[in-house]
Amino acid sequence: MALSVTSAIFQQVNTPALDIRRMLAGLISGEGVVVASDMAIAQRSASANFSVDIAAGRAFVEGDSITRQGLYFAYNDGVVNLTGFTAAHATLPRIDRVCLRLRDAFHGDAANDFAFVIVPGTATAGATLANKNGGPGVPGSHLLLANVLIPAAATNITTANIDNLVRPVLEIVSNQAFVRLRRAAVQALANGATTLIIWDTEDGDASGLHDPVSNPSRITVTRPGLYVVTTQVLFDPNTTGQRSVTIFHNAGGSGGNSAMALTTGNGHTVGASSILAMAAGDFIETAGYQNSGVALNATGLLTVARVGAIPVAP
């Protein structure tokens, strides 16, 4: 292997499209739309039916046919009405995905084009936009734009059935990431045990760092860097014992810890924060502890933000 002469844009050297795409990938944090409103998915404007409208906008899609295929730029100059959703199941809901598909004939595809496509899921009991049960995987060289819930026996798709998952690119500065999770429904924390908080609500996860199905207690980072982590747990009222909250980095060493002794019967919020140097694939969890003598219900909040690269000594 060697450095490519064509990877730089020299005056008298032809620069292959592949090298230009790789240059874009080095300048932009990842695939996604340029701003949040680009290619947003919405209920059909004329009146709801079994289709959706896709807004005008710009996006970068990463090619997945070969390693380091780079980013392709797509431009949609007007609203597109997307049809082709499979009929609803009679008794079960289904999660479909609306994607922007990239094809490049040089890398083995049938054509050179972009298209808005529907990737159908499997009708599954209890499927919702929150749990995405039965939802399909996103194929290679596809950019996920939205999840769409097809309720049992549905004959139209409304705004409430659409979850836009677009990822702004140029609004994300210097490869930053931000996640804000909540435990909205109460979770029972056993007496005398350290219990991981299971996050059931995503207030913000533009970078896709939280998986609510397979690892709902974790935020898993995809880029190395320095991350600011803040968390808090609100315990139900009880005057006995102590309460504590711990930030776990990779399920091992504590990233931060806070504890308090109880003096009143009011509900108590305990928080912790830390700045952590994390590698790609590292994960963060929050755990609560209480020894009141009985199980206590709790809710909570976890926020993780990437603030920069890990400093390197000269």
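Structural data are supplied above this passage.
Summarised in this report is the structure supplied together with it.

What counts, and where the lines are drawn
- Residues numbered from 1 in each chain as written.
- Predicted model: local features only at pLDDT ≥ 70, side-chain atom pairs only at ≥ 80, totals over all residues.
- Heavy atoms only, no water.
- Helix = DSSP H or I, 4+ residues; strand = E, 2+ residues; numbered from the N terminus.
- Contact = heavy atoms within 4.5 Å.
- Areas by Shrake-Rupley, 256 points an atom, 1.4 Å probe, with all protein chains shown as cover.
- Pairing = 2+ DSSP bridges.
- Axes fitted to C-alpha atoms, helices over the stretch in contact; angles between N-to-C directions.
- Buried < 20%, exposed > 50% of the residue type's maximum accessible area, 1.4 Å probe, protein only.
- Patch = residues over 30% accessible without salt bridge, like charges linked within 9 Å, V, L, I, M, F, W, Y side chains within 5 Å.
- Salt bridge = Lys/Arg side-chain N within 4 Å of Asp/Glu carboxyl O.

1. Observations concerning the overall build of the protein chain
Part 1: A tally of helices and strands in the protein chain yields one helix and 20 strands.
Part 2: Long-range contacts, defined here as pairs at least 24 residues apart, represent 69% of the contacts in the protein chain between residues at least 6 apart.
Part 3: Carbon together with sulfur atoms contributes 55% to the accessible area of the protein chain, which is approximately 15,100 Å² in total.

2. Let's talk about the sheet that holds strand β2 (residues 41-43)
Part 1: Ordered by their spatial adjacency, three strands build an open sheet running β2-β3-β6, and the pairing between neighbours is antiparallel. Among the strands making up the open sheet, the edge pair consists of β2 and β6 (80-82). Within this sheet the neighbouring strands show an average axis-to-axis angle of 35°, counted without direction.
Part 2: With three bridges joining them, strand β3 (residues 52-54) and β6 adopt antiparallel strand pairing.

3. A word on the environment of S273
Part 1: Relative to the assigned elements, S273 resides in strand β18 (residues 268-278).
Part 2: On the basis of relative accessibility, which here comes to 52%, the residue S273 falls in the exposed class.

4. Topic: unusual backbone geometry
Part 1: For R68, which is not glycine, the phi dihedral falls at a positive 55°.
Part 2: The topology assignment puts R68 in the loop between β4 (57-62) and β5 (71-76).
Part 3: Since its relative accessible area comes to 59%, R68 is described here as exposed.
Part 4: Backbone geometry places K132, a non-glycine residue, at a positive phi of 55°.
Part 5: Here K132 shows up in the loop between β8 (113-119) and β9 (142-150).

5. Observations concerning a nonpolar patch on the surface
Part 1: There is a patch of nonpolar side chains on the surface, built from I20, M23 and L27 and spanning about 280 Å² of accessible area.
Part 2: In this fold, L27 is placed in helix α1 (residues 17-27).

6. What about the sheet that holds strand β7 (residues 94-103)?
Part 1: Strand order in the open sheet formed by four strands is β8-β7-β9-β10, with antiparallel pairing between adjacent strands. At either end of the open sheet lies a strand with only one pairing partner, and these are β8 and β10 (162-164). Between one strand and the next, the sheet's axes are offset by a mean angle of 20°, whatever the strand orientation.
Part 2: Direction of pairing for β7 relative to β8: antiparallel, over a ladder of seven bridges. Following the sheet pairing, R103 is matched in β8 by D113.

7. What about the environment of N161?
Part 1: Mapping N161 onto the fold places it in the loop between β9 and β10.
Part 2: For N161, a relative accessible area of 9% gives the class buried.
Part 3: Setting aside its immediate chain neighbours within four residues, N161 contacts L129, N147, V148, L149, P151 and N156.

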